[in-house]
Amino acid sequence: MTSESFALRGLFEAQRGASRSQPPAELALRRDRLQRLRALLDTDGPALVRAVEADFGVRSATLTEIADLLLLREGLADALRHLARWSAPRRVRTPLTLQPAHAWVQRQPVGVVGVLSPWNYPLLLSLGPAGMALAAGNRVMLKPSERTPRCSDAIAEAVARRFAPDEFTVTNGDAALAAEFSALPFDHLFFTGSTAVGRHVAAAAAANLTPTTLELGGKSPCVIDASCRLDAVAPRIAHGKLLNAGQTCIAPDYVLAPAALHGALADALATAVQRLFPTVAGNPDYTALVDARQAQRLQALVDDAVAQGAQVRVLGTDAPAGRQMALRLVLGAKPGMALMQEEIFGPVLPVLDCADTAAAIRFINDRPRPLALYWFGEDTRARDALLAGTVSGGVTVNDTLVHIAHPGLPFGGVGDSGWGASHGEAGFLRFTHERAVLVQSRWSLGGLMHPPYGPRTERLLAFMRRRG
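The structure contained in this document is the topic of the report that follows. All figures in this text were calculated on a predicted structure; none of them were measured in a lab. (Residues numbered from 1 in each chain as written. Predicted model: local features only at pLDDT ≥ 70, side-chain atom pairs only at ≥ 80, totals over all residues. Heavy atoms only, no water.)

**Concerning the sheet that holds strand β10 (residues 311–315)**
Next up, step 1: A sheet is described by the order of its strands in space; here seven strands give the open sequence β10-β11-β12-β9-β8-β13-β14, paired in mixed fashion. Of all the strands in the sheet, just β10 and β14 (394–397) have a single pairing partner and so form its edges. The mean angle between the axes of side-by-side strands here comes to 20 degrees, regardless of whether they run parallel or antiparallel.
Next up, step 2: Pairing geometry for strand β8 (residues 221–224) and strand β9 (residues 254–257), over three bridges, is parallel. Note that in β9 the partner of V223 across the bridge is L256.
Next up, step 3: Against the sheet, helix α10 (residues 292–307) touches β10, β11 (327–331) and β12 (348–353), its axis set at about 25 degrees to β11. (Pairing = 2+ DSSP bridges. Helix = DSSP H or I, 4+ residues; strand = E, 2+ residues; numbered from the N terminus. Axes fitted to C-alpha atoms, helices over the stretch in contact; angles between N-to-C directions. Contact = heavy atoms within 4.5 Å.)

**Here we look at the pattern of salt bridges**
Next up, step 1: In this structure the tally under the stated criterion is 25 salt bridges.
Next up, step 2: Residue R107 is joined to E425 by a salt bridge in which the shortest nitrogen-to-oxygen separation is 3.1 Å. Of this pair, R107 sits in strand β2 (residues 102–109) while E425 is found in helix α13 (residues 424–430), placing the two residues 318 residues apart along the sequence.
Next up, step 3: With its nearest N and O atoms 2.9 Å apart, the salt bridge here joins R313 to D267. With R313 in strand β10 and D267 in helix α9 (residues 262–276), this pair connects stretches of sequence that are 46 residues apart.
Next up, step 4: Relative accessible area serves as the criterion here: at 42%, D267 is assigned to the partly exposed category.
Next up, step 5: Linked by salt bridges that have partners in common, D32, R33, R36 and E167 make up one network. (Salt bridge = Lys/Arg side-chain N within 4 Å of Asp/Glu carboxyl O. Buried < 20%, exposed > 50% of the residue type's maximum accessible area, 1.4 Å probe, protein only.)

**A closer look at empty space enclosed by the protein**
Next up, step 1: If you walk through the whole model with that rule in mind, you get two cavities of 30 Å³ or more.
Next up, step 2: Looking at the largest cavity, its volume works out to about 350 Å³.
Next up, step 3: As for the largest cavity, its lining consists of 25 residues, and the residues nearest its centre are L71, G75, L124, G128 and H423.
Next up, step 4: Contributing elements (two or more residues each) for the lining of the largest cavity: α3 (61–87), α4 (124–135) and β6 (188–192).
Next up, step 5: Surrounding the second largest cavity, G218, K241, G246, T248, C249, A251, P252, D253, E343 and F345 form its lining.
Next up, step 6: Looking at side-chain class alone, the lining of the second largest cavity contains four nonpolar, three polar and three charged residues. (1 Å grid on protein atoms, 1.4 Å probe; cavity = no way out; pocket = protein on both sides within 12 Å on 5 of 7 lines; lining within 4 Å. Points joined across faces, edges and corners; volume = space filled by probe spheres on them. Nonpolar A, V, L, I, M, F, W, Y, C, P; charged D, E, K, R; others polar.)

Written out as structure tokens, the structure is:
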């Protein structure tokens, strides 16, 4: 066992021992932990933002404030506002056969929660689930991504200044350490990342019967209805695709639109991109790809599409090193191309022919269920048909991304895009055990069902059948 492995196991055992030997966190302590996390954002926020920018090379501090810190603060405020109600026991009506007993559901912390977070929104997707686990009264171990090392180190230092190691601790290391982390016998394991890695995490957790929440990727479709006003919606599609240079799990991955609209859609997107990002290379608002490996992977997808006959329209000029990569519209994309087989996760947008709503439903349902679904148009019957005929993690109509910003909506995937939900009460309950409690009365009627059985039992059963 390496020294890192030994330390990891020691941290886990300390949290597990505390969760088993100490009383569950009362409401006041849960509030205190959330307030400490909020103070961390206020005090250490600027340093964390600088660390994110350093890891990416180019990433606007304003973007990190909006996409990471603003959503974190709103989530914490929502949890503090509703924590008493979420934590309270819930009375349950008792049926006649069990009266005069009374019953309730007791909401308890599950124990020790592990959080494996990704690099693309390294503050939101690490401290967000950690904060909700703390709200539910749990102890938390966080393993941030090794691909944003400066940010991961800054998070570890900030957390260590405000939390005891047996409350909330951060452990940093490479992919091998992440694999060891996922194999620990947590009471719950929360993972955000790719579907491929999610399969390994789920398998490791299954060995310990550890429940999981998996927020995975997936190819999120953007459906353009014939009733759509392209000039109005193109800026929303472009923004959703290019926020963080497309390195967003719920970014529009491909567009389904009638063939007659492709040319006008491409022109409208070009106009929108020019307004959002007049330049790409050197633009501090246009996020760089996280590393050279990411740039090479995306270019390979585009090259494969071109080799199969697609036309590529580049909206802007790349930075010399290629890390600030302009949007590639891939016109004439086909389902068999490599960029339609894996999540793109960057500024490449395939546009496919799709005649109508029925065709869109068939196309989406022939593929793994997506993390997000976007629909644009004015025809509410077409919208409702698509919503009724498909299944996805979440939906935004006539915009992109913004369903994730609503603190009251559950956020999560379905099928290959994950399972379980975060945000709001749904996220709180993900880290909560709902224990059934029934208090029997000394005057219980249950004895009437005890043996020896006879005519009295038959009369009682007949009565219960009539009531049913």
